Amino acid sequence: MPVIKVSNLSKTYEYHKKQPGLWSSVRGLFHREKLFKKAVREINFEIGEGELVGFLGPNGAGKTTTLKMLSGILFPTSGETKVLGYIPWKREPQYQKQFALVMGQKNQLWWDLPAMESFILNKEIYEVSDKDFKKNLDELAELLDIKDILDVQVRKLSLGQRMKCELVAALLHKPKVLFLDEPTIGLDVVAQKNIRDFIKRYNQKNKTTIILTSHYMEDVKELCRRVIIIEEGKIGYDGDLASLIEKYAPYKVLKITFEGEGVKKSDIEKFGEVHKFLPHSITLRVPREKAKNVARDILSSDLPVDDILIDEVEISDVVRKIFSSSNNKF
Amino acid sequence: MIRKYSMIINNEIQRQFTYRLNIAAYAFGNIAELVALTVVWTIVYRNIDTIQGYSSNEMITYVVFAWFFSFLTTTYSFEQNVARDIHQGTLSSLLIKPQSYIRYVMAVAVGRISIAFGIVIIQGILVFLFFSDVLIFSVDLPTIFLLFFMLVATFAINLFLSIIIGFIAFWTNEVFGLYYSLKVFAKFMSGTFFPIILLPVFFVKVCFFFPFAYTIYIPVQLYLGKISFAEGLRGFAIEVLWLGILYVIIRVLWKLGLKKYEGVGI
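Throughout this description, residue numbers start from 1 for each chain and increase along the sequence as written. Labels are handed out in written order, letters beginning with A for the chains and numbers beginning with 1 for the ligands. Local features in this predicted model are restricted to residues of pLDDT 70 or higher, and side-chain atom pairs are both shown and tallied only at a pLDDT of 80 or more, whereas totals for entire chains, interfaces and linings draw on every residue. As a rule here, side-chain values cover all heavy atoms of the structure and leave hydrogens and water aside.

### Digging into the overall build of chain A
Under the convention used in this document: Working definition: helices are DSSP H or I runs of at least four residues, strands are E runs of at least two. Numbering for both runs from the N terminus. The buried label goes to any residue with under 20% of its type's maximum accessible area, the exposed label to any with over 50%, and the partly exposed label to all in between, with areas taken from a 1.4 Å probe on protein chains only. Any two residues having at least one pair of non-hydrogen atoms within 4.5 Å are treated as being in contact. For the charge count, each Lys or Arg is scored as positive and each Asp or Glu as negative, with His and the chain ends excluded. Lysine's charge is taken at NZ, arginine's at CZ, aspartate's at CG and glutamate's at CD.
Scanning chain A from N- to C-terminus turns up 12 helices and 13 strands. The burial tally for chain A puts 50% of its 330 residues in the buried class. Counting contacts in chain A only where the partners sit at least 6 residues apart, residues at least 24 apart contribute 70% of the total. With 53 positive and 47 negative side-chain charges, chain A shows a separation of 6 Å between the mean positions of the two kinds.

Right, here's the structure in full:
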């Protein structure tokens with residue numbers, strides 16, 4: 001039985017139009033034109049226990065709206081959703097005690113107090129026993145290496161440290177389902193990696209079902225075997241990350257370096273689509289199935305090849321391609 | 001269950017300690033307000049013995065105690081906290097936790113005033129000492145008890161009103177002007193600046209129609225012995241009645257507002 005089941009879920013926002021200028025502001029006092037934005041349209045997916053699924057999509061695609069509906073903050077316009085057998089927007093305490101939402105752009109800790117105070121408060125709110133609290137906190141603080149900052153005011157922490165504390169606060173009650181909305185946003189590469197490694201280990205160890213949204217492809221590549229791509233409120237792709245690359249990038253990349261004088265562009269063009277060109281270093285795109293043959297042809301040609309590398313297309317390139325083509329459509 | 005909310009109060013008190021100077025700054029403004037009022041009345045009474053049955057000493061006592069009671073029971077613009085939760089989306093992260101938002105804000109409000117409350121008590125004692133030859137101190141134990149309960153009810157009424165006004169934020173972004181006007185109006189109607197009996201009959205009736213007259217005016221009248229203990233009890237009963245009404249309004253607005261919030265996601 002899936003942990004999360006979403007059927008025909010839709011959300012339409014109502015908002016008002018305002019033309020620029022003073023006069024239209026005055027007019028807006030009496031009459032406002034209603035507009036509707038379909039943020040999420042009839043989406044369907046199921047997520048099983050322990051899965052770590054990545055939500056991908058450009059800004060405004062409907063990722064956060066979907067997470068908000070799954071958390072019970074937003075009421076859907078239509079459709080059904082069950083998480084752990086509960087309807088999220090009923091906000092039953094039994095459900096709330098079993099999931100957590102972490103938003104990278106929002107602070108849930110008490111800003112003026114040390115993180116420890118927020119943890120203790122969450123312990124009471126989620127009714128965690130003293131024993132479990134101590135055990136979970138020790139474990140999490142150890143994993144995230146934050147023992148020495150527990151007593152520092154949250155506002156004096158760096159963004160990376162704060163994010164770690166946010167994660168601890170969200171995980172103290174051992175949620176079975178975890179929604180992570182851009183947990184690495186704004187962090188430096190090292191901090192990003194720390195958070196990423198933690199999520200990976202936590203998911204493997206506790207079999208927590210996790211949905212993650214991120215704009216950093218590195219996150220998705222490292223963490224998620226399965227991705228759901230949302231564009232314009234609809235699901236564009238749902239499946240393995242690996243087959244996503246095969247589907248949207250039916251070519252491989254050949255990175256070739258040359259010795260001596262290097263090569264001319266015309267010498268190399270016959271082998272495939274030249275993506276980057278420097279006399280000593282060239283990137284070629286070739287159809288997936290021909291990659292090996294082309295590499296062999298280049299090696300056996302009289303070009304001064306020093307090294308040749310067959311690689312997959314960067315996942316970020318693939319996703320960028322999907323997003324830009326969807327933007328062109330509308 | 002109770003520990004959840006007592007923990008919130010506890011955290012909020014700790015938070016207030018980080019803003020010690022801010023609270024001290026408030027205290028300065030409190031005194032300024034009192035100075036202005038007592039100066040005006042002292043001048044007015046130079047050539048007059050009584051106004052509407054108030055002797056000079058009674059009037060100063062009225063003004064000092066109305067000031068004291070009003071600062072003991074203020075929520076310090078708590079409506080802005082509620083509005084901020086709604087506008088900035090903090091409400092979202094509070095909603096997903098197994099807790100009641102209304103109880104949560106009430107706990108925060110109680111924790112939030114606690115230090116300022118202590119300062120007002122100290123300030124009050126200093127003011128009483130300063131005015132000791134004019135102030136009337138004659139009050140029996142039962143009256144002190146009744147006054148205590150009345151002031152607790154007054155704080156609760158103020159808090160409920162703050163929550164109600166804060167909930168306006170569900171429907172509009174432009175709330176701060178409205179808050180300001182409503183607050184000045186409420187303070188005026190409660191008799192914080194002068195006994196409302198000095199107003200024209202129509203306004204007196206309006207003051208008693210709303211809960212405001214019962215929050216400050218009636219307790220001070222009871223203190224001054226201008227109304228009987230029984231009338232004081234009646235005033236307290238009306239406060240409790242108002243608390244019930246306001247609570248129902250809070251529940252209804254909360255339900256409607258949440259529907260909007262869930263729909264729009266603000």
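### What about the environment of Asn 81 of chain B?
Residues and elements named next belong to chain B. In this fold, Asn 81 is placed in helix 4 (residues 78-87). Classification of Asn 81 by relative accessible area gives buried; the value is 13%. Separated by 103 residues in the primary sequence, Asn 81 and Val 184 place their C-alpha atoms 18 Å from one another.

### Let's talk about a nonpolar patch on the surface
Test applied: Residues enter patches when they are more than 30% accessible in relative terms and free of salt bridges; like-charged ones are connected within 9 Å and nonpolar ones (Val, Leu, Ile, Met, Phe, Trp, Tyr) within 5 Å. Per-residue accessibility takes into account occlusion by the displayed protein chains alone, with areas from the Shrake-Rupley method and a 1.4 Å probe. By salt bridge we mean one thing: a side-chain nitrogen of Lys or Arg within 4 Å of a carboxyl oxygen of Asp or Glu.
A cluster of nonpolar side chains, contributed by Val 139, Leu 141, Ile 144, Phe 145, Phe 148, Phe 149 and Val 152 of chain B, occupies part of the molecular surface with about 670 Å² of accessible area. Its location among the elements puts Phe 145 of chain B in helix 7 (residues 141-167).

### Considerations on unusual backbone geometry
Residue and element names in this part refer to chain A. Residues other than glycine seldom take positive phi values, yet Glu 42 does so here, at roughly 45°. By the element assignment, Glu 42 lies in strand 2 (residues 33-47). For Lys 207, which is not a glycine, the phi torsion comes out positive at approximately 55°.

### Things to note about the nonpolar core
Note that soluble globular proteins tend to have their nonpolar side chains buried in a common cluster. What counts is decided by this rule: Put simply, a nonpolar core is a bunch of buried Ala, Val, Leu, Ile, Met, Phe, Trp, Tyr and Cys residues held in one set by side-chain atoms that sit within 4.5 Å of each other.
Core analysis: the biggest nonpolar cluster contains 183 residues, and Ile 4, Phe 45, Phe 119 and Phe 179 of chain A have the highest contact counts within it. With 15 residues, helix 7 of chain B is the single largest residue contributor to this core. With residues up to four places along the chain from it excluded, the contact list for Phe 179 of chain A reads Ile 4, Leu 67, Leu 70, Ser 71, Tyr 95, Phe 99, Ala 100, Leu 101, Val 102 and Ile 211 of chain A.

### So, the packing of helix 5 (residues 130-144) of chain A against helix 7 (residues 189-206) of chain A
Residues and elements named next belong to chain A. Rules: Geometry is summarised by axes, namely lines fitted to C-alpha atoms with helices restricted to the contacting stretch, and by angles between N-to-C directions that run from 0 to 180 degrees. Each angle receives one of four descriptions, namely roughly parallel if under 35 degrees, roughly antiparallel if over 145, roughly perpendicular if within 65 to 115, and oblique otherwise. A crossing counts as left-handed when the near helix is turned anticlockwise from the far one by less than a right angle, and as right-handed when that turn is clockwise. By the convention adopted, Pro, Cys, Tyr, Trp, Phe, Met, Ile, Leu, Val and Ala count as nonpolar, Lys, Arg, Asp and Glu as charged, and the other residues, Gly among them, as polar.
Here helix 5 crosses helix 7 at 140°, and the two axes come no closer than 10 Å. On the basis of their axis angle, the class for helix 5 and helix 7 is oblique. Remark: the crossing between helix 5 and helix 7 carries right-handed chirality. In contact with Glu 139, Leu 140, Leu 143 and Leu 144 of helix 5, helix 7 contributes Phe 198, Arg 201, Tyr 202 and Lys 205. Looking at side-chain class alone, the contact of helix 5 with helix 7 contains five nonpolar, no polar and three charged residues.

### Topic: the confidence of the model for chain B
Convention followed: The pLDDT value expresses, per residue, how confident the predictor is, ranging between 0 and 100.
For chain B, mean pLDDT is 91; residues scoring 70 or higher make up 99% of the total. In the predicted assembly, ipTM is 0.85 and pTM is 0.86.

### Side note on the pattern of salt bridges
All names here are of chain A. Scanning all chains against the criterion turns up 23 salt bridges over all chains. As a salt-bridge pair, Glu 139 and Lys 205 come within 2.8 Å of each other at their nearest N and O atoms. Of the two residues, Glu 139 sits in helix 5 while Lys 205 sits in helix 7, which places them 66 residues apart along the sequence. Across the pair Arg 196 and Asp 219 runs a salt bridge, and its minimum N-O distance is 2.8 Å. Placement of Arg 196 in helix 7 and of Asp 219 in helix 8 (residues 217-223) is noted, with a sequence separation of 23 residues between them. The same class applies to Arg 196 and to Asp 219, which are both buried.

### So, the packing of aromatic side chains
Residues and elements named next belong to chain B. Put simply, the test is: Between the rings of Phe, Tyr and Trp (Trp by its six-membered ring), a pair exists once the centres lie within 6.5 Å; its type follows the angle of the planes, with under 30 degrees stacked, over 60 edge-to-face, and the other angles tilted. Charge-over-ring contacts are defined here by two conditions on Lys NZ or Arg CZ: a distance within 6 Å of the ring centre and an angle within 35 degrees of the ring normal.
Scanning the entire structure with this criterion turns up 37 aromatic pairs over all chains. Ring centres of Trp 41 and Tyr 45 lie 6.2 Å apart, and the angle between their planes is 45°; this geometry places the pair in the tilted category. Judged by relative accessible area, Trp 41 falls into the buried class, the value being 10%. Since its relative accessible area comes to 7%, Tyr 45 is described here as buried. With a centroid separation of 6.2 Å and 80° between ring planes, the pair formed by Phe 170 and Tyr 261 is classed as edge-to-face. With Phe 170 in the loop between helix 7 and helix 8 (176-189) and Tyr 261 in helix 12 (residues 229-264), the pair connects residues that are 91 residues apart, well separated along the chain. Taken individually, Phe 170 and Tyr 261 each receive the classification buried, so the pair is uniform in this respect. Three or more aromatic residues link up through ring pairs in this structure, and these residues are Tyr 101, Tyr 104, Phe 167, Phe 170, Trp 171, Trp 254 and Tyr 261. The ring of Tyr 54 has Lys 226 lying over it, and the distance from NZ or CZ to the ring centre is 4.2 Å.

### Focus: the sheet that holds strand 1 (residues 4-17) of chain A
Residue and element names in this part refer to chain A. Here is the rule we go by: Being paired, for any two strands, means DSSP has found at least two bridges between them.
Pairing in this open sheet of three strands is antiparallel, and the strands run 2-1-4 from one edge to the other. In this open sheet, the two edge strands, each paired with only one partner strand, are strand 2 and strand 4 (78-83). Strand-to-strand twist across the sheet, computed as the mean angle between neighbouring axes with direction ignored, equals 30°. Here strand 1 pairs with strand 4 via five bridges, running antiparallel. Paired with Ser 7 across the two strands is Glu 80, which belongs to strand 4.

### What to know about the interface of chain B and chain A
We count it as follows: Defined here as a combined quantity, buried area equals the accessible surface (1.4 Å probe) lost by two parts on assembly, summed across both.
On the chain A side, the residues contacting the 25 residues of chain B number 31 residues. Summing the contributions of chain B and of chain A, the shared interface buries around 2,700 Å²; its carbon and sulfur component is 57%. When the buried surface of chain B facing chain A is broken down by residue, Ile 96, Pro 98 and Glu 262 of chain B rank first, second and third, together holding 26% of it. Notably, a salt bridge pairs Arg 3 of chain B with Glu 124 of chain A, separated by 2.9 Å at the nearest N-O pair. Looking at the side of chain B that touches chain A, the elements with two or more residues in it are helix 1 (2-17), helix 5 (90-95) and helix 12 of chain B. If you tally residues by element for the side of chain B that touches chain A, the top one is helix 1 of chain B, at eight residues. For the side of chain B that touches chain A, the residue count by class is 10 nonpolar, nine polar and six charged.

### Overview of a positive patch on the surface
Residue and element names in this part refer to chain B. On the surface, Arg 103, Arg 251, Lys 255 and Lys 259 cluster together into a positively charged patch. When residues of the positive patch are assigned to their parent elements, the largest contribution, three residues, is made by helix 12. Among the structural elements, Arg 251 can be located in helix 12. You can call Arg 251 partly exposed: its relative accessible area is 37%.

### Quick look at the pairing of strand 3 (residues 52-56) of chain A
Residue and element names in this part refer to chain A. Counting buried residues in strand 3 gives five out of five residues, a clear majority hidden from the surface. Side chains of strand 3 alternate between two faces, with Leu 52, Gly 54 and Leu 56 and Val 53 and Phe 55 buried alike. Relative to strand 7 (residues 209-213), strand 3 runs parallel, the two sharing four bridges. Considered in strand 7, the bridge of Leu 52 is made with Ile 210. Where strand 3 meets strand 8 (residues 226-231), four bridges bridge the pair, whose relative direction is parallel.

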